[in-house]
Amino acid sequence: MDYKREFIFAIVGMLAVAIGTAGTAQIIKPTLDNVFVAKDATMLSIIPFFLIVIFSIKGVGQYIQTYYMSYIGLDVVRKLRDDLVTHLTYQDIAFFNNMHSGEILSRITNDITRIQNVVTTIIPNFIRESLTIVALTIYVIYESPKLALYFLVIMPLAILPLSRLAKKMKKYSKLSQESTSTMISRLGEIFSNIEVIKSNSTQTIESNKFSQENYSVFKYLIKQVKVNALTTPIMEILGSIAIGVVIYIGGTEVIEDRMSVGSFFSFSAALFMLYNPIKRVSKLYNKAQDAVIANYRMHQLLNMKPKVVSGDIVLNNRIERVVFRNVYLNYEDKRVIDGVSIDIKRGDSIALVGDSGAGKTSFVNLLVRFYDADMGVISINGVNIKELTLSSLHKEIAFVTQRVHIFNDTVANNIAYGQEVDRKRVVEALKKAYALEFIEKYENGIDTILNESGNNLSGGQRQRIALARALYKNPSLLILDEATSALDNKSELLIQRALESIRDKIITVTVAHRLSTIEDADRILVFKNGKIICSDTHQNLLNSCNEYRKLAKL
Ligand code: DGT
Ligand code: MG
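Scoring rules and cut-offs
Residues numbered from 1 in each chain as written. Chains lettered and ligands numbered in written order. Predicted model: local features only at pLDDT ≥ 70, side-chain atom pairs only at ≥ 80, totals over all residues. Heavy atoms only, no water. Helix = DSSP H or I, 4+ residues; strand = E, 2+ residues; numbered from the N terminus. Buried < 20%, exposed > 50% of the residue type's maximum accessible area, 1.4 Å probe, protein only. Contact = heavy atoms within 4.5 Å. Areas by Shrake-Rupley, 256 points an atom, 1.4 Å probe, with all protein chains shown as cover. Domains from an automatic or database assignment. Core = buried A, V, L, I, M, F, W, Y, C linked by side-chain atoms within 4.5 Å. Phe/Tyr/Trp six-rings, centres within 6.5 Å; stacked < 30°, edge-to-face > 60°. Pairing = 2+ DSSP bridges. Axes fitted to C-alpha atoms, helices over the stretch in contact; angles between N-to-C directions. Patch = residues over 30% accessible without salt bridge, like charges linked within 9 Å, V, L, I, M, F, W, Y side chains within 5 Å. Salt bridge = Lys/Arg side-chain N within 4 Å of Asp/Glu carboxyl O. Near = heavy atom within 4 Å. Polar contact = N/O pair within 3.5 Å; in protein donor to acceptor, adjacent residues only side chain to side chain. Parallel < 35°, antiparallel > 145°, perpendicular 65-115°, else oblique. Nonpolar A, V, L, I, M, F, W, Y, C, P; charged D, E, K, R; others polar. Disulfide = S-S within 2.5 Å.

**Student:** Looking at this model, I keep getting lost on the overall build of the protein. Mind explaining?
**Tutor:** When helices and strands are counted, the protein shows 19 helices and 10 strands. Referenced to the eigenvectors of the C-alpha coordinate spread, the extents of the protein come out at roughly 120 × 50 × 45 Å. Sorting the 554 residues of the protein into buried and exposed places 47% on the buried side. Contacts in the protein between residues far apart in sequence, at least 24 positions, make up 76% of those at least 6 positions apart. Surface exposure of the protein reaches about 29,400 Å², of which carbon and sulfur atoms provide 58%.

Below, the structure is given as structure tokens:
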């Protein structure tokens, strides 16, 4: 363990607390017997001094223990969160498509906080209270084994109802954590869809839906409260029985002179003092159930293995050739790429057209390995794409989609994303993507901070940023999946021209709905239901391919 030093300090602190607590019970005995009964003046002046020492030991111990255990707890959580975030970013794209981003956020924040609670409070309190119980019990037995026996027989009776409560607690913890996650997901959904909600005036519908989720969170939390609140009365009633028995039997011992008044009070005080730690331990046990569930949910995520994993051959050269041999891809049960074969060489510009849902995006997703083919082989420069390292593959590919991703950072850092910033090249890339004109208008130019959701940019401006990022990368495979759909005809044409200068040095794969953008592609692939049904130049396809003629008419 990395925390040996902190842990030792914490344990020393806990021991001090336990010994200090037993000491406070012990000091009652000389106070009564020597000072009040025997009227001993020396003891009178010594005892207050001891009292201060005992409480100081306890206080310092408490401080040391709290500090070091919290240190361990917070540090464990920090590392856990780091690991979890790294781990999650390597998960398959399918995972992110299937899981609500709100759910992921909830796991990283809410669940981790519950786990943090365990390390910083539950475990140390549990250890400290247990040590205190042990110290007090030893003291009680030492003071009067006979009386202690009665007490120690009654106490275990408390365990039965308490363990029942703990079981209930576990059930409600699970339900409450699940409903909290759902609620947070709903929140995310509401705010990311706010435009739709406002433009349809559906606030009431949405808030009613939210209200339901919110209510289930409340319902399970209040059930947890109910179970927790039962613990104290049960403990108190059982405790009062135990103490009643002790008073009766202990009183008899004192009356019959087999025990001093001081011993009896010390003993009783120790019993009273035992009550709190025992109560706390049982409450902590309930709370721990909450953390057990959170921990389970956390490990579900941490144990998840991505299906798409990096190979170990480094792609050292530019991409010269991409070959699909009889490739199939299914999403769950649905076939989306259905036996596609194609051979693409450097300098080729390939265009993909077809109905919505025909499989064009799925095709390009295979090239960046968002998914792996279920059957067939995709090879890059003659090597199976699965055997290449992901990072060397991605270094050669620029992937621009309709959804533009902008980081909360400067224009320059957004353009040079993942690479060293070369300001001259940033400006060049912006110029080629026709983005420089509006960036230059900003007071800070390429040092302007962009809003992460890109709200301070228009749709067309965002696409130009994305194109500039792709051009900066100097890729050997450029994929444009409706990357210019938000641009006006003029800018689109200008970008086409800018791309012409690099087109014969690299492979470009363009998905477009507007056929005008791809008319001069070297080869146009017409997709239908996951198959390539025609493949030729614009002119030839107009003559030979019915499906293409239909698309051209639209
Ligand atoms: P588009 O962008 O509307 O022009 O259509 P394509 O050609 O890009 O279609 P594509 O490849 O996105 O989708 C092909 C089929 O696969 C379509 O029926 C929707 C379905 N699909 C797409 N992504 C997913 C996914 O992540 N999970 C599942 N289960 N199905 C998906
Ligand atoms: Mg698509």
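From this point on, the discussion continues.
**Student:** Help me understand the domain arrangement of the protein in this model?
**Tutor:** Per the domain assignment, the segments of the protein are domain 1 (4-302) and domain 2 (321-553). Using C-alpha coordinates to define each centre, domain 1 is positioned 56 Å away from domain 2.

**Student:** Got a minute to help me understand the nonpolar core in this structure?
**Tutor:** Counting residues in each nonpolar core, the largest one holds 34 residues, and the members touching the most others are Phe-324, Leu-352, Phe-363 and Leu-366. Contributing elements (two or more residues each) for this core: β1 (321-331), β2 (334-345), β3 (349-354), α11 (360-367), β4 (375-380), β7 (477-481), β8 (507-511) and β9 (523-528). Not counting the four nearest positions on each side in its chain, Phe-363 is found in contact with Phe-324, Ile-337, Val-340, Ile-342, Leu-352 and Phe-527. Ranked by size, the runner-up nonpolar core spans 33 residues in total, among them Val-400, Ala-416, Ala-429 and Leu-471.

**Student:** How should the packing of aromatic side chains be read in this particular structure?
**Tutor:** Within a pair of aromatic rings, the relevant descriptors are the distance that separates the centres and the angle that separates the planes. Inspection of every chain in the model, using the stated rule, returns 13 aromatic pairs. With a centroid separation of 5.5 Å and 65° between ring planes, the pair formed by Phe-363 and Phe-527 is classed as edge-to-face. Of this pair, Phe-363 sits in helix α11 while Phe-527 sits in strand β9; the two residues are 164 residues apart in sequence, bridging distant segments of the chain. Look at Phe-363 and you get buried, because its relative accessible area is 0%.

**Student:** So what exactly am I meant to see when it comes to the environment of Lys-226 here?
**Tutor:** With respect to the secondary-structure elements, Lys-226 resides in helix α9 (residues 203-255). Spatially, the C-alpha atoms of Lys-226 and Met-169 are 9.5 Å apart, while their sequence positions differ by 57 residues.

**Student:** Looking at this structure, how should I read the sheet that holds β7?
**Tutor:** Pairing between the strands of a sheet is mediated by backbone hydrogen bonds and can be parallel or antiparallel. Pairing within the open sheet is mixed, and its 6 strands lie in the order β6-β7-β8-β3-β9-β10. Only two strands of the sheet have a single partner each, and these edge strands are β6 (397-400) and β10 (531-536). Neighbour-to-neighbour, the strand axes of this sheet turn through a mean angle of 15°, independent of strand direction. Bridging between β3 and β9 involves 5 bridges; their strand directions are parallel. Note on β9: the bridge partner recorded for Ala-351 is Ile-524.

**Student:** What am I meant to see in a nonpolar patch on the surface here?
**Tutor:** Residues Ile-46, Phe-49, Phe-50, Val-53 and Ile-57 make up a contiguous nonpolar surface patch of about 440 Å² in total accessible area. Along the chain, the position of Phe-50 falls in helix α3 (residues 41-89).

**Student:** What is the right way to look at the pattern of salt bridges in this model?
**Tutor:** Here the idea is simple: oppositely charged side chains can pair when their charged atoms come close. For the structure on display, the rule yields 27 salt bridges. Between Arg-335 and Asp-338 there is a salt bridge whose closest N-O contact spans 3.9 Å. Linked through salt bridges whose partners overlap, the residues forming this network are Asp-2, Asp-75, Arg-78 and Lys-79.

**Student:** I tried to follow the site of ligand 1 on my own but got confused; where do I start?
**Tutor:** Not every one of the 16 residues close to ligand 1 is listed here, only the nearest: Ser-356, Gly-357, Lys-360, Thr-361 and Ser-362. For ligand 1, a nitrogen atom lies 3.0 Å from a polar atom in the side chain of Glu-332. Burial of ligand 1 by the surrounding chains reaches 70%, relative to a free accessible area of 640 Å². It is α11 that contributes the most residues to the shell around ligand 1, 3 residues altogether.

**Student:** Can you walk me through the packing of helix α1 (residues 4-26) against helix α2 (residues 28-37) in this structure?
**Tutor:** The packing of two helices is summarised by the inter-axis angle and the distance between the axes. α2 packs onto α1 with a crossing angle of 20° between their chain directions and a minimal axis gap of 4 Å. Between α1 and α2, the angle is such that the two are roughly parallel. On α2, the residues that touch Thr-24, Ala-25 and Gln-26 of α1 are Ile-28, Lys-29 and Pro-30. Of the residues that constitute the contact of α1 with α2, the class distribution is 3 nonpolar, 2 polar and 1 charged.

**Student:** Would you take a moment to explain the state of the cysteines for this structure?
**Tutor:** In a disulfide, the sulfur atoms of two cysteines are covalently bonded to one another. The final tally for this structure, using the stated rule, is 1 disulfide. With a sulfur-sulfur separation of 1.9 Å, Cys-534 is cross-linked through a disulfide to Cys-545. On the S-S bond that ties Cys-534 to Cys-545, the torsion sits near 70°, and the link is right-handed. Highlighted residues: Cys-534 in strand β10 and Cys-545 in the loop between α18 (538-544) and α19 (546-553), separated in sequence by 11 residues.

**Student:** Please clarify how the pairing of β2 should be interpreted in this entry.
**Tutor:** Taken residue by residue, a regular strand's side chains alternate between the two faces of the sheet. Relative to β2, β1 is paired through 9 bridges, and the arrangement is antiparallel. Paired with Val-323 across the strands is Asp-343, a residue of β2. The hairpin turn running from β1 into β2, its antiparallel successor, is 2 residues long, and Glu-332 in that turn takes a positive phi close to 50°.

**Student:** Explanation requested: the packing of helix α16 (residues 459-472) against helix α17 (residues 489-503) in the structure shown.
**Tutor:** At a closest axis distance of 13 Å, the pairing of α16 and α17 adopts a crossing angle of 5°. By the angle class used here, α16 and α17 are roughly parallel. Judged by residue contacts, Arg-464, Leu-467 and Leu-471 of α16 engage Ser-491, Ile-495, Leu-499 and Ile-502 from α17. Residue classes in the contact of α16 with α17 are distributed as 5 nonpolar, 1 polar and 1 charged.

**Student:** When you look at the sheet that holds β1 in this model, what are you seeing that I'm missing?
**Tutor:** With respect to topology, 4 strands assemble into an open sheet ordered β2-β1-β4-β5, the strand pairing being antiparallel. In this open sheet, the two strands that pair with only one neighbour each are β2 and β5 (383-384). In this structure, β4 lies alongside β5, joined through 2 bridges in antiparallel fashion. Bridge pairing in β5 places Ile-380 opposite Val-383. Across the sheet, α11 touches β1, β2 and β4, and the angle it forms with β1 is around 120°.

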